[in-house]
Each structure stands twice: as C-alpha cells, then as structure tokens.
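# Reading the structure
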Amino acid sequence: MEIMNPKTLTDKVTSVISHVVVTTASKLAFISGQVSVDETGSLIGSGDYYTQAIQVFTNLKYALEAVRANPLYIAKMNIFVVNHNPELISIIFEAGFHVFGPNWPKTASTYIGVQALADPEWLIEIDAIVIFP
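Bear in mind the structure is a predicted one, so any value in this text is a computation, not a measurement.

### Some remarks on the sheet that holds strand S4 (residues 74–82)
Spatially, the four strands line up as an open sheet ordered S3-S6-S4-S5, and their pairing is mixed. At either margin of the open sheet sits one strand with a lone partner, and together these are strand S3 (27–34) and strand S5 (108–114). Neighbouring strand axes in the sheet, compared pairwise and without regard to direction, differ in orientation by 10° on average. Where S4 lies against S5, seven bridges are found, and the strand directions are parallel. Note on S5: the bridge partner recorded for lysine 76 is alanine 108. With respect to the sheet, helix H2 (residues 87–100) is in contact with S4, S5 and strand S6 (124–132), its orientation differing from that of S4 by roughly 130°.

### Considerations on the nonpolar core
The biggest cluster of nonpolar side chains holds 31 residues, and the ones touching the most others in it are Phe57, Leu60, Ile92, Ile124, Ile126 and Val130. Mapped onto this core, the elements with two or more residues apiece are S3, helix H1 (49–66), S4, H2 and S6. Here this core takes seven residues from H1, the largest share from any one element. Discounting residues that sit within four places of it in the chain, isoleucine 126 has contacts with Ser32, Gly33, Gln34, Val56, Phe57, Leu60, Met77, Asn78 and Ile79.

### A word on the environment of serine 32
Among the secondary structure elements, serine 32 is positioned in strand S3. Considering only alpha carbons, one finds serine 32 and isoleucine 126, 94 residues apart in sequence, at a separation of 7.7 Å. The residues touching serine 32, leaving out its near neighbours within four places in the chain, are Ile126 and Asp127.

### Focus on the packing of aromatic side chains
To describe a pair of aromatic rings, one takes the distance between the centres and the angle between the planes. As enumerated under the stated definition, the model contains seven aromatic pairs in all. Taken together, a centroid distance of 5.9 Å and an interplanar angle of 65° make the contact between tyrosine 73 and phenylalanine 132 edge-to-face. One end of the pair, tyrosine 73, is in the loop between H1 and S4; the other, phenylalanine 132, is in strand S6, and 59 residues separate them in sequence. On the basis of relative accessibility, which here comes to 28%, the residue tyrosine 73 falls in the partly exposed class. With centroids separated by 4.9 Å and ring planes inclined at 45°, the aromatic side chains of phenylalanine 97 and tryptophan 104 adopt a geometry described as tilted. Here phenylalanine 97 falls in the partly exposed class, since its relative accessible area comes to 43%.

### Some thoughts on H1
For H1, spanning 18 residues, the distance from its first C-alpha to its last is 25 Å, which sits close to the expected 26 Å at 1.5 Å a residue. Buried within H1 we find Tyr49, Gln52, Ala53, Ile54, Gln55, Val56, Phe57, Thr58, Asn59, Leu60 and Leu64. Those residues of H1 hidden inside the fold are in contact with S3, S4, H2 and S6. Looking at the residues trailing H1, positive phi occurs at arginine 68, about 55°.

The rules we used
Residues numbered from 1 in each chain as written. Predicted model: local features only at pLDDT ≥ 70, side-chain atom pairs only at ≥ 80, totals over all residues. Heavy atoms only, no water. Pairing = 2+ DSSP bridges. Helix = DSSP H or I, 4+ residues; strand = E, 2+ residues; numbered from the N terminus. Axes fitted to C-alpha atoms, helices over the stretch in contact; angles between N-to-C directions. Contact = heavy atoms within 4.5 Å. Core = buried A, V, L, I, M, F, W, Y, C linked by side-chain atoms within 4.5 Å. Buried < 20%, exposed > 50% of the residue type's maximum accessible area, 1.4 Å probe, protein only. Phe/Tyr/Trp six-rings, centres within 6.5 Å; stacked < 30°, edge-to-face > 60°. Expected span 1.5 Å × (residues − 1).

Shown next, in the form of structure tokens:
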C-alpha cells in the first residue's frame, strides 16, 4: 500500500492517520451484507443475537470460501446491529472468534447501531471488502 498525505491537506492528524491509502491489489471481492439465514433461506436464531451472529459470520466465511479468500484478506467490514447496546459488542465479536478462530480478520471495521434491517427478524448484517494479494 502507498500512504499519501498531500501538502494541500493538514499535517496535524498525519501522526495517527493518513489522508489517502492506495493499494495495487489486482483483484477485489465485495461481499454483500450477510444475515442469519441458512442455505434454504430459513432464519437461524430468532431473537438471539449470539446465534444470529454465528450464522452471519458463518455465511461470511462461506462467501470467502466461494472466492477462495483467506479471512485475513478482508480489508473492511461493516457490522450493522439492530437496537445496539454496549453489551452486544462482546457477544457479536465472541461469535466471530468462534467462527474464524485464529484467522479472525483484524481489519478496518465500522460497527453501526441501526433501528432495523430489511427483514424485521434480522438482528445483524455484515458486509466485507476483500483484497487479494
């Protein structure tokens, strides 16, 4: 990756971030938001954040396997959680560690509390951007 901090932008924050990062990745995968449904479309874990998170991360893992990508290739994840409260953070990440184990992707992430998802029974949705080496 190439890190750039143009002179036309402030240097007051560049000790902790860069303004621009450029990658020369030759192949990208964009994984749509995964929710807690199995391959038949049946909801898994009605009303249960942990069970739904397990299914969501499992679906993300299946999507990665379909494109032959290691979880460590994930560059960015967005995690959407219905009716978020601070206690849910550890529950959701525990489910992710359960699914990925030592291959848990320490990636750029955004954790977003939302009022609702597309289906009222869905509690969690995760999308990802994958960069192949």
